[in-house]
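Structural overview
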Amino acid sequence: MARVISDEALEAFLKKELNTSKLVSTGHFGGGCINEGQSYDTDHGVIFVKINKKDESRRMFEGEYLSLDLLDKTGAVVVPKPIKVLDHPGGSGSMLVMKHLDIKTLKNYQAELGGQLARLHLHNIEKLNRGDADAVSKFGFPGITCCGYIPLNNQWYDNWVDFFVESRLELQLVMVLKEGSDPELQTLWEKLKAKIPEYFAGLDIKPSLLHGDLWGGNVGEVESNPVIFDPASFYGHHEFELGIAGMFGGFSPEFYDAYHKLIPKAPGFDDRHNLYQLFHYLNHWNHFGSCYRPAALNIMRKLTAI
């Protein structure tokens with residue numbers, strides 16, 4: 001059962017768990033529609049503590065921790081280094097502790113981010129091509145991650161199309177239809193599902209480690225580098241990453257030019273781009289309501305008419 005604890009009790013808890021005698025708020029606060037957080041100066045440097053008081057938040061933060069850790073280990077991108085996941089001392093909720101980064105709006109390093117993202121996506125593919133023992137050959141992830149607050153099914157698949165259809169699109173559709181019947185949605189989905197393999201014909205898709213939720217609100221810059229944060233990672237088709245990036249803006253032509261210089265567009269890219277955006281429109285429908293229904297159905301109509 002959740003209980004209210006004082007700021008002093010929370011700070012004492014964090015000092016003990018993080019093995020620091022100093023824990024001084026920097027006055028930097030952050031958060032969004034799901035989490036809140038603030039930064040502290042400690043014996044080990046400045047940290048950022050992200051807090052969510054819901055019971056299921058530990059699962060979400062453990063997935064984010066694993067995502068940040070694996071992204072960081074590639075050396076291809078800059079992310080906040082994760083430190084620890086803690087149960088909230090108030091009895092409900094959890095906290096994710098990470099190194100603090102003074103993140104500003106992405107302005108100066110769009111091209112650098114595009115190049116770094118492409119190198120991230122090539123990292124595991126190159127390991128597979130070399131035959132490295134630690135290369136990942138399947139699609140999925142070793143833990144549960146959350147896109148927003150919805151947990152994703154990351155069980156391993158040998159085939160990308162099966163993974164994407166069953167663990168991404170159908171998962172979202174089932175959740176939408178739990179809120180009520182939608183005959184048009186169901187009819188369009190039956191038609192689209194039968195066509196989806198056609199959009200991947202002739203492609204040799206190998207798993208890339210993805211950020212998984214790369215929209216403009218999850219990128220920024222620090223000092224002389226771009227930075228990405230709040231991931232929902234998994235191993236998937238690299239084109240999936242650009243789906244939500246194209247929905248809400250925040251990425252310049254220089255970003256895309258740098259990315260596609262290293263990973264050129266394959267035939268059929270635009271149709272698959274729409275298909276990947278469909279997942280995010282369905283996910284937003286589940287998070288924020290049926291205002292996203294028209295966009296989702298428009299994509300389905302367009303793809304089934306091809």
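Computed from a prediction, not measured in an experiment: that's the story for all the values here. Numbers given for residues are sequential positions, taken from 1 along each chain in its written order. This being a predicted model, a pLDDT of at least 70 is required before a residue's local features are given, and a value of 80 or more before pairs of side-chain atoms are given or counted; all residues contribute to the totals for chains, interfaces and linings. Just so you know, side-chain values use all the structure's heavy atoms and leave hydrogens and water out.

The subject of this paragraph is empty space enclosed by the protein. The method works on a 1 Å grid over the protein atoms by themselves. A cavity is a set of points holding a 1.4 Å probe that cannot get out, a pocket is an open set with protein on both sides within 12 Å along at least five of seven lines, and residues with an atom within 4 Å of a point line them. Grid points are joined across faces, edges and corners, and a volume is the space filled by probe spheres set on the points. What the rule picks out here adds up to 2 cavities of 30 Å³ or more. The space that makes up the second largest cavity amounts to roughly 40 Å³. What lines the second largest cavity is simply His238, Glu239, Leu242, Tyr259, His260, Ile263, Pro264, Lys265, Ala266 and Phe269. Residue classes follow a fixed rule: Ala, Val, Leu, Ile, Met, Phe, Trp, Tyr, Cys and Pro count as nonpolar, while Asp, Glu, Lys and Arg count as charged, and any other residue, Gly among them, counts as polar. Of the residues that constitute the lining of the second largest cavity, the class distribution is 6 nonpolar, 2 polar and 2 charged.

An automatic or database domain assignment provides the domain bounds reported here. Here the domain parsing of the chain yields domain 1 (21–99) and domain 2 (104–305). A separation of 24 Å is found between the C-alpha centroids of domain 1 and domain 2. By definition, residues are in contact when any of their heavy atoms lie within 4.5 Å. Across the contact, 17 residues belong to domain 1 and 27 residues belong to domain 2. Defined in terms of a 1.4 Å probe, buried area is the accessible area two parts forfeit on being brought together, summed over both. A combined buried area of about 1,800 Å² lies between domain 1 and domain 2, and 75% of that area is made up of carbon and sulfur atoms. Per-residue buried area on domain 1 facing domain 2 is highest for Arg59, Leu71 and Val78; these three make up 28% of the total on that side. Any carboxyl oxygen of Asp or Glu that lies within 4 Å of a side-chain nitrogen of Lys or Arg is treated as forming a salt bridge with it. Counting every contact that joins domain 1 to domain 2 gives 1 salt bridge. As a salt-bridge pair, Asp230 and Lys50 come within 2.7 Å of each other at their nearest N and O atoms. Contacts described as polar in this section are N or O atom pairs within 3.5 Å, which, within protein, must combine one atom able to donate a hydrogen with one able to accept it, while residues neighboring in sequence count only if both atoms come from side chains. Summed over the shared surface of domain 1 and domain 2, the result is 3 residue pairs in polar contact (both at pLDDT 80 or more). A run of H or I in DSSP counts as a helix once it spans at least four residues, and a run of E counts as a strand once it spans at least two, with each numbered from the N terminus. With 10 residues, helix 2 (residues 57–74) is the single largest residue contributor to the side of domain 1 that touches domain 2. Classifying every residue of the side of domain 1 that touches domain 2 by side-chain character gives 11 nonpolar, 3 polar and 3 charged.

The N-to-C vectors of helix 8 (residues 269–288) and helix 9 (residues 293–305) enclose an angle of 150 degrees; their axes lie 9 Å apart at closest approach. Classified by the interaxial angle, the pair formed by helix 8 and helix 9 is roughly antiparallel. Helix 8 and helix 9 meet at a crossing whose hand is left-handed. Side by side, helix 8 and helix 9 meet where Asp271, Asn274, Leu275, Gln277, Leu278, Tyr281, Leu282 and Trp285 of the first sit next to Arg293, Ala295, Ala296, Leu297, Ile299, Met300, Lys302 and Leu303 of the second. When its residues are assigned to classes, the contact of helix 8 with helix 9 shows 11 nonpolar, 2 polar and 3 charged. As a rule, the C-alpha atoms of each element are fitted with a line to give its axis, helices using only the stretch in contact, and angles between N-to-C directions run from 0 to 180 degrees. Throughout, the term roughly parallel applies to angles under 35 degrees, roughly antiparallel to angles over 145, roughly perpendicular to angles from 65 to 115, and oblique to all others. Rotating anticlockwise by less than a right angle from the far helix to the near helix defines a left-handed crossing, while the corresponding clockwise rotation defines a right-handed one.

Moving on, we come to the packing of aromatic side chains. Each Phe, Tyr or Trp ring, with Trp reduced to its six-membered ring, pairs with another whose centre is within 6.5 Å; inter-plane angles below 30 degrees give stacked pairs, above 60 give edge-to-face pairs, and intermediate values give tilted ones. Counted under the stated rule, the structure contains 21 aromatic pairs. Between Tyr157 and Phe163 the ring centres are 5.7 Å apart and the planes differ by 80 degrees, which places this aromatic pair in the edge-to-face class. Of the two residues, Tyr157 and Phe163, neither departs from the other in class, the shared state being buried. Connected via pairs of aromatic rings, a cluster forms that spans Phe139, Tyr157, Trp160, Phe163, Phe164, Phe200, Phe234, Phe240, Tyr276 and Phe279. Between the NZ or CZ atom of Lys54 and the centre of the ring of Tyr149, over which it lies, the distance is 5.5 Å. The aromatic ring of Phe234 is capped on one face by Arg168, whose charged end is 4.3 Å from the ring centroid. The buried label applies to any residue whose accessible area, calculated with a 1.4 Å probe on protein chains only, is under 20% of its type's maximum; exposed applies above 50%, and partly exposed to all values in between. A positively charged side chain is recorded as over a ring if its NZ (Lys) or CZ (Arg) lies within 6 Å of the ring centre. The angle to the ring normal must also be within 35 degrees.

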